[in-house]
Amino acid sequence: MLIWLNGPFGGGKTQTAHEIQRRLRSSVICDPEHAGFGLRRMLPPELRGNFQDLASWRQGVVEVLDLALAKHDGPVIVPMTVTDSGYFAETVGRLRELGHDVHHFALLAERETVLKRLRERGLGHLLPYVAGKRGSLRRESWAVQQLDHCLERLREPEFAEHLWTDHSTVPKTADRIAVLAGLTLRPNNEGALRTRLRQVGVGVRHIRFD
């Protein structure tokens, strides 16, 4: 089984993926972003754009996930934003065509909720030092620049199933996904402080600078 978690940056994909993996035996996270940034780094700086525009990335994602699903005895979790209909068909759609059991979820939230989450991750405090005192979250952050487009596109029916997370914690979102996918997660017996510290660790490990 493949669980593809879609959504805007700040929508909770990575945190939810790690929450599901923590509570679901034999599950693994396969992050297509690693391949994307690897391909991007191969290019001269002036040619580095959106790695999803590279056919090699889309084809490679399908090849690797097809292998993982065929050989790994457990659910495969993929946290990856895809908003282009054609690219979605070439990745999620292609994996379905290959006969895999694919459950796709778009984790959505209101714009202000996502902006708040981005600020809580520290972007709102770091950007003035990176971009200068006049730098703003809206202007300097690529994630925020793409936010409206992501939220608009991912609301389309082709990107269902839609899960609104404004008033849901990460563990509760993971529980909802498990029910919809027919999976059973281990009980969440973790305290609030431990959960917060673990989530901070996940966030730090996934900071990108390129």
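Everything below is about the structure printed above this text.
These numbers were taken from a predicted model, which means no experiment stands behind them. (Residues numbered from 1 in each chain as written. Predicted model: local features only at pLDDT ≥ 70, side-chain atom pairs only at ≥ 80, totals over all residues. Heavy atoms only, no water.)

Chemist: I'm lost on the pattern of salt bridges in this one. Help?
Modeler: Two side chains bearing opposite charge may form a pair once their charged atoms approach each other closely. Within the structure shown, the criterion is met by nine salt bridges. With a closest N to O distance of 3.1 Å, glutamate 19 and arginine 23 form a salt bridge. Of this pair, glutamate 19 and arginine 23 both sit in helix H1 (residues 13-23), four residues apart, roughly one helical turn. For arginine 23, a relative accessible area of 4% translates into the label buried. With a shortest N-O distance of 3.8 Å, glutamate 190 and arginine 22 are connected by a salt bridge. Pair noted here: glutamate 190 is in the loop between helix H9 (170-181) and helix H10 (192-205) and arginine 22 is in helix H1, with a separation of 168 residues, a long-range link. Among the charged side chains, a salt-bridge network with shared partners connects Glu19, Arg22, Arg23, Asp175, Glu190 and Arg194. (Salt bridge = Lys/Arg side-chain N within 4 Å of Asp/Glu carboxyl O. Helix = DSSP H or I, 4+ residues; strand = E, 2+ residues; numbered from the N terminus. Buried < 20%, exposed > 50% of the residue type's maximum accessible area, 1.4 Å probe, protein only.)

Chemist: Looking at this structure, I do not really get the nonpolar core. What am I missing?
Modeler: Across soluble globular proteins, you tend to see nonpolar side chains buried next to one another. Among the nonpolar cores identified, the biggest contains 31 residues, and Leu2, Trp4, Leu65, Val76, Val78, Met80 and Leu95 are the most heavily contacted of them. When residues of this core are traced back to their parent elements, those giving at least two are strand S1 (2-6), helix H3 (55-71), strand S3 (76-79), helix H4 (85-97), strand S4 (102-108), helix H5 (111-120) and helix H8 (142-154). For this core, the element with the highest residue contribution is H3, accounting for six residues. Residues contacting valine 78, with those up to four places away along its chain left out, are Leu2, Ile3, Trp4, Leu5, Cys30, Pro32 and Leu65. In this structure, Ala17, Leu24, Ile77 and Leu183 belong to the second largest nonpolar core, which totals 15 residues. (Core = buried A, V, L, I, M, F, W, Y, C linked by side-chain atoms within 4.5 Å. Contact = heavy atoms within 4.5 Å.)

None of this, on its own, says anything about what the molecule does.
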